[in-house]
Amino acid sequence: MSFVVAVVGATGAVGREMLRVLEQRRFPVKRLVALASQRSAGVRMPFAGSEVVVTELTPAAFQGVDIALFSAGASVSREFGPIAASAGAVVVDNSSAWRMDPKVPLVVPEVNMEAASDRPRGIIANPNCATIQMVVALKPLHDVARIKHVVVSTYQATSGKGHAAVTELLAQTRAKLDGVQLKPSVFPASIAFNVLCDWKAGEDDYSEEETKIIQETKKILGDSTIGVSPTTVRVPVVNGHSEALHVQFARPMSANEATALLRNAPGVVLVEGPYAPGRHPQPIDVSGKDAVYVGRVRADLAVPGAINLFVVGDNLRKGAALNAVQIAERLER
């Protein structure tokens, strides 16, 4: 069985990654429809040993489409997601548009794939990139000891902000090494040799990114009582998000138990061994990989029964494109 698949936002960073993931995983694509804005129409993109020509996103573009993967921003998803669903497509949306809609499941396949079967709007939401890798690591621990509180500090790559952000990082880095000061245009300040909290304001004096992590974690894990305390930070890394987690449970958990649970957890690669300099997951190694990498699993010395760990993932793959394709692979149509 094969499917007509549309990729909305095909020329963007995540859209391009969606095409690569579909090809690499040999998803049964009968016909690929690459959609983007009018200015990108006519662009030729490589796919499955050939090329596809990008066409303009219009309501008529979804006729005959079985699965529509969206990564073109919230406003586009709000407008065209229901149109695609009405045309008969199952929509998997990577934007923030539908994530907290009670009629739209928010899905990470390793965590709550069963939620995807109840989709009254015909839309399934892909979570935020930072949330995805965190809940993949938390799920096996939550299942046995119920998480009460998680404190997460993120170190997020520039690719999460788009191709222009990566370009600005590289340009600023070259300029600073040459003794030249470039005025930032994508970021609110220099990202080269710096760290920034660069997201829009969210709720209660948290950033928008932090608010997403709080709300999405509770929805995905199906537990509104979980306390989530995030601090999100952008770092001068091209690709791959890192997160330091402190996790408290309803009953004590040891580092040995957490390690055993994570060792065979779906979607997780565990980096084991006692602490040593550089013995931990690193973005430079994880970029391009499908799994979420977890390391530095250890007991918290100040809070008995709590666990600390370090989680790294490719934000364009598992944090976006791969998660969407995995949802499509496991759908009961």
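Please refer to the structure higher up on the page.
All of these numbers come straight from a predicted model, not from anything done at the bench.

Rules and cut-offs
- Counting starts from 1 at the beginning of each chain's written sequence and moves along it residue by residue.
- Totals for whole chains, interfaces and linings use all residues, but because this is a predicted model, local features are given only for residues with pLDDT of at least 70 and pairs of side-chain atoms are given and counted only at 80 or more.
- Note: side-chain values were computed over all heavy atoms of the structure, leaving out hydrogens and water.
- Centres within 6.5 Å make a pair out of two Phe, Tyr or Trp rings, where for Trp the six-membered ring is used; the pair is then stacked when the planes are under 30 degrees apart, edge-to-face when over 60, and tilted otherwise.
- Working definition: helices are DSSP H or I runs of at least four residues, strands are E runs of at least two. Numbering for both runs from the N terminus.
- Between buried and exposed lies partly exposed: a residue is buried under 20% and exposed over 50% of the maximum accessible area for its type, with that area taken using a 1.4 Å probe on protein chains only.
- Throughout, a residue-residue contact means that at least one pair of heavy atoms, one from each residue, lies within 4.5 Å.
- The term polar contact refers here to a pair of N or O atoms within 3.5 Å; inside protein, the definition further demands a hydrogen-donor-capable atom paired with an acceptor-capable atom, and it admits residues adjacent in sequence only when both atoms are side-chain atoms.
- Buried residues of nine kinds, namely Ala, Val, Leu, Ile, Met, Phe, Trp, Tyr and Cys, make up a nonpolar core once their side-chain atoms join them within 4.5 Å.
- Strands were regarded as paired on the criterion that DSSP finds at least two bridges between them.

Can you walk me through the packing of aromatic side chains in this structure?
Any aromatic ring pair is given by two values, namely how distant the centres are and how the planes are angled relative to each other. Here the structure, examined in full by the defined rule, presents three aromatic pairs. Between Phe 3 and Phe 27 the ring centres are 6.2 Å apart and the planes differ by 40°, which places this aromatic pair in the tilted class. With Phe 3 in strand E1 (residues 3-8) and Phe 27 in the loop between helix H1 (13-24) and strand E2 (29-36), the pair connects residues that are 24 residues apart, well separated along the chain. By the burial criterion, Phe 3 is buried, and Phe 27 matches it.

Explain the environment of Gln 248 to me, please; I cannot follow it from the model alone.
Secondary-structure assignment places Gln 248 in strand E11 (residues 241-249). Between the C-alpha atoms of Gln 248 and Ala 145, which are 103 residues apart in sequence, the distance is 9.3 Å. Beyond its immediate chain neighbours, meaning those up to four positions away, Gln 248 contacts Arg 146, Ile 147, Lys 148, His 149, Val 303 and Ala 306. Engagement of the side chain of Gln 248 in a polar contact is seen with the side chain of His 246, the distance being 2.9 Å.

I'm lost on the nonpolar core in this one. Help?
If you look at the biggest cluster of nonpolar residues, it comprises 60 residues, and the most contacted ones within it are Phe 62, Ala 68, Leu 245, Val 294 and Leu 309. Examining the composition of this core, we find that nine residues originate from one element, helix H4 (residues 129-145), more than from any other. Setting aside anything within four residues of it in sequence, one finds Val 294 in contact with Ala 137, Leu 262, Val 268, Val 269, Leu 270, Val 271, Pro 281, Leu 309, Phe 310 and Val 311. Membership of the second largest hydrophobic core comes to 34 residues, among which are Met 45, Val 52, Val 90 and Ile 124.

Is there a simple way to think about the pairing of strand E3 (residues 44-47) in this case?
Consecutive side chains along a regular strand alternate between the two faces of the sheet. Residues of E3 alternate between two faces, with Met 45 and Phe 47 buried on one and Arg 44 and Pro 46 left unburied on the opposite face. Alignment of E3 against strand E4 (residues 50-53), held across four bridges, turns out to be antiparallel. Pairing of Arg 44 across the sheet is with Val 53, part of E4.

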